[in-house]
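Below are the chains, spelled out letter by letter.
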Amino acid sequence: MHPKNRKITANSLRFSVFTILRFVRYSILWASFAFTVTAYAQKDSIALDPVTVKGFVPQKFMSGLKIQRIDSASLTQVRYQNIGDVLSAYTPIAFKNYGPGQLSTASFRGTSANHTAVLWNGLNINAPTLGQTDFSTIPVAGFDQLSVQYGSAASVVGSDAVGGSILLESRASATPFHVSDGRQRESFRNHQSRTDVRYAARLSDQWAFSGKTALYNGRMNNDYPKPTRNTYALLPTETFQKGIVQDLFLLSRNDQEISVHAWLTDNKLTLTPDDVQGREMTRTTAYRTMVRYQVRTLTLRTAWVRDIIDYAKGDLANPDHSVTDKFSSRIEKDFTLNIGGDLNPVAVKTGGEWTHYRSRVPGYARSPVSENRTDFFLLTRWQPTARVTTSFNLRQGLVTGFNPPFTPSVGLEYGLIQKTLYNLVAKGSYGRSYRVPTLNERYWKDLGNPDIRPETGWNKEIGLEQTFKAAFGGTLRTSATFYHNRIKDWTYWNPTRNYRVENLQQVLARGIELQLNYQHQTGPWRTGLEAGYAFNKSSQEKAYDNYSQDIIGKQLVYVPEHTANANAFVQFKSTKLTGQLQAASKRYTTFDNSQFLDGYGLLNLLAEHTFAFYKFKLVLQGQVRNITDTFYLNVRNNAMPGRSFALSLTFSYDSQ
Amino acid sequence: MKMKRQLASSLAIAFSTLAIWSCNQSDPAPKGDYISGVFVSNEGNFQDNNGGISYFARESTTADADIFAAANGTALKGGVQDYAASEEQGIILVDNSVTGQDKVQFVHRYTFKDEGTIGAPDIENPREVVIVGRKAYVSCWGTDVDKYSTGYIAVIDLTTKKVTKKINVSDGPENLTYANAKLYVGTTQWGVGNKLAIINTNSDEATSPIATPGIANPVGIDANGKLWVNVGDKMLRINTETNATEATLPIATGGTKTAGNFTLSNDLKSIFFVLSWYDSAFKEHGATYKFSISDTQIAMVTPLIPRPFYGLAVDPSQGLLYAGVSPSYKQAGYAVRYRADGSLVDSVKVGIAPSGFFFQ
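Residues numbered from 1 in each chain as written. Chains lettered and ligands numbered in written order. Predicted model: local features only at pLDDT ≥ 70, side-chain atom pairs only at ≥ 80, totals over all residues. Heavy atoms only, no water.

- You'll find chain B entered in an unreviewed UniProt entry as DNA-binding beta-propeller fold protein YncE, with Dyadobacter jiangsuensis given as the organism.

- In the annotation of an unreviewed UniProt entry, the entry for chain A reads Iron complex outermembrane receptor protein, and the organism field reads Dyadobacter jiangsuensis.
- Regarding chain A, the relevant UniProt record gives this comment under Subcellular location (unreviewed entry): "Cell outer membrane". (UniProt positions renumbered as here; feature names shortened; annotations may be inferred.)

What follows is the structure in structure tokens.
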């Protein structure tokens, strides 16, 4: 055994023993608390009528588009991790990652970090200054349900939905009382903890109440046993993350619903923390709040989001402090349109959204800046026959100073074969997308450009989905999708102009995605496989200077041509073993593809066992990450960690 | 814009050539893939830490983009600020975007095999290197890159590969020129320097600096033994015996243009430089000029080459002017070769942001 490996093993053993001892004490404490709560909860709890909460994003108007729902068991399995870990394991989205706990942005279907809309309960939470989301700041603890919508859906979602959208949603609790609490210890002195409490009660004949309170707290010390791997530095960094999520739902029998949502999150990253003069701190804080009221077919929503970014180098006491407030209100109304004869009626949703931004950023030419954006939309869905579903959607955005293009889309799903045991559906969609310039792109001193044009693109896609309900004794689903997305006026912090922002590029992203899902159950055994492969060819089509012949037709930076992911599990009663694979081909780091980061594949292994007694559960989970100790680099040209371990213990109580 | 001082390299080669020549009596011919040719320092893109050294034989029009990676299977992991070589030793200054990751990388001069490094805290933000005998002098900004309060010259013993001394220099030490046991140290154009520091290389002590009417940028020693120093929109000719400024030649910058990339011709009788400026959309404009050390004013009517460059150097063996072109920090640059009269020879694709040349 190599001396280095021996040291890692010894460390992990010591770490495991320590963790288990600590957890035993920890769970005893929690168990005693839980018993007292149980006594109280049991007395009061009344079984609830199932009241369904309507989705925050009108997915039913997205016919023809591919939507992947990440199941709750998969989310539970990585409950202490960040959303990037989930998306890497389950989708072909590629991440541009600066290192563990550091900036991580998405490239969805060959697009850049600005081209993925992240919606929290239907509200776009991309930072308005940057127009993107740092996925290292979004823990799985922050939401209940995760769906991924592939391709442009701008007519439904609005700006930023060019490569795809990530949909995070809160769900009303179905159980009168549920509490879970746990902690994960990881290699490198990293640890995460999370507490969730869910509750529901009937208030009167008419009204029921439910809610969730979640707290999370994580500390990545990244104490690597050695400062380098294969001579590349493992950069010393620290990331502290904490937050609270509060959801409250009031549901009535006469189809009224009031919900209140708040998500406060704080993420502090420090590079080289021990270097007093050279350390760099980036603190990202977000306050996200929302009130939603729905009465029958009318929905009103109002939201306030404050994004704060503090950045400091050396002296961390006086950081550059930027604050952006976003006030957003939305109204939407559903209709059913009878179009006569024997034809099925058309489902229609129409509405508008008004958003006001106010931003104080030290780097802006003036401060504060404010901007108003208004959107009007009309969405339709029609099922002329049992085989056919169509959507036709229109949206017009209006922005202070200029207007994004009129954005239509049309989608079609056709059931080619509809049998008891086999289904084959063809899907297609064609639609326009746009991206409103970010506040930084418009207002940054000197380098911003107030006259920058919004990006606009046309996305076409076509796919087939088939379901075998009795394949190898289980259910097998496969899909293949081809897409073609041309984006004009692609904005670009131009390195030949001192990084001044310009509408310089025309980019064509096209590719194919294959997905497979298989589930099987016999007696106490369950097995499943979810796998995906994507080919993304994304290149610049138009020239802008003498040296651009070196760039035209080349693959965009940080977009791997090939990505693959797989999750396979075997479960026997309460014991589950899961293997995860994620792989990406080389990622170019220069526009002329003269330099690149090598491709890599990572294998993770998760093993868990659930101990159940009465209404209590104790889930013990162990993870081995990067099991093959694969060497790979992040975009800073620093090494990523090798094999590492995580052990978690989660205690839960459910009154039902 | 960071500028490279090629004279330092030229001096280093002069010394090393001498050393090799004297050793050649007994030593066999050097072995390796990189014996005779042009070494290009590529700064890379700062946040990507992807600089490198490109190499090509003089008769070739294609380069090996990153010879350190080719020889060692691992990259330099930072931008390259400078390269010099002496005897069989090469010394590369590597600047990483994160504090604590900068280093001096030693290589075997002819094979480019890794021969060890010196990192933080000895080396922080290295800028330029000059080799004098068995010592290397490396200008470093230190960790403070806002006020440049922590700058120093690191004195490296090339035999032990250790920093033996740090000599403090204020205002961000940058360009180096060596002559007659004196190391002249300029300061960064981003600071507020107003003097040219001088270090006695026998005692490795700072001596009285030369006061200058602005930020000093030493260019080199001309055929008459005079030191040329650029200070903003002026060229100073300094007597190295008395440290007195003998002549001041203004450069017609119009107050908005910046002069840089000064380099002496092979006969040490002319100086090439680039004058450049940015328009409101940050597009770079400019041209490359040449003047004689005997000129009483710098003629700016007709440029030698009607375009600016990212780096400039003269090959001592052929006299060709090598100009670095960096289309952007996100794509490979070019080394473009010109004759002394400004006529174009050819171009060679190299690494990202080529700013310095070393001829061997």
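## Details of the sheet that holds strand S10 (residues 162-168) of chain B
Residue and element names in this part refer to chain B.
(1) Moving on: Taken in spatial order, the four strands line up as S7-S8-S9-S10 in an open sheet, and their pairing is antiparallel. Looking at the sheet topology across the chains shown, the edges are occupied by strand S7 (126-132) and S10. Taking the axes of each pair of neighbouring strands and ignoring which way they run, one obtains an average angle of 20° across the sheet.
(2) Moving on: As defined by bridge partners, strand S9 (residues 152-157) adjoins S10 across six bridges and the pair is classed as antiparallel. Each bridged residue has a counterpart across the sheet, and for tyrosine 152 the counterpart in S10 is asparagine 168. (Pairing = 2+ DSSP bridges. Helix = DSSP H or I, 4+ residues; strand = E, 2+ residues; numbered from the N terminus. Axes fitted to C-alpha atoms, helices over the stretch in contact; angles between N-to-C directions.)

## Focus on the interface of chain B and chain A
A common way to express how large an interface is: the accessible area buried when the components associate.
(1) Moving on: Contacts between the two partners involve 32 residues from chain B, matched on the other side by 33 residues from chain A.
(2) Moving on: A buried area of about 2800 Å², summed over both sides, lies between chain B and chain A, and 48% of it is on carbon and sulfur atoms.
(3) Moving on: Taken as a group, Phe282(B), Lys330(B) and Gln331(B) account for 23% of the area that chain B buries against chain A, more than any other trio of residues on that side.
(4) Moving on: Seen at the junction of chain B and chain A, the total is 18 residue pairs in polar contact (both at pLDDT 80 or more). (Contact = heavy atoms within 4.5 Å. Buried area = accessible area lost by both parts, 1.4 Å probe. Polar contact = N/O pair within 3.5 Å; in protein donor to acceptor, adjacent residues only side chain to side chain.)

## Digging into the sheet that holds strand S26 (residues 354-359) of chain B
Residue and element names in this part refer to chain B.
(1) Moving on: Taken in spatial order, the three strands of this open sheet run S2-S1-S26, and their pairing is antiparallel. Since the sheet does not close on itself, it has two edges, and those belong to strand S2 (52-56) and S26, each with one partner. Each strand axis lies, on average, 25° off the axis of its neighbour in the sheet, ignoring direction.
(2) Moving on: Pairing of strand S1 (residues 38-42) with S26 involves five bridges; the strand directions are antiparallel. Pairing of valine 40 across the sheet is with phenylalanine 357, part of S26.

## A word on the UniProt feature "domain: TonB-dependent receptor plug" (unreviewed entry) in chain A
(1) Moving on: Per the UniProt record, "domain: TonB-dependent receptor plug" (unreviewed entry) is annotated on residues 67-164 of chain A.
(2) Moving on: Between the C-alpha atoms that bound residues 67-164 of chain A there is a distance of 10 Å. The span itself is 18% helix and 27% strand.

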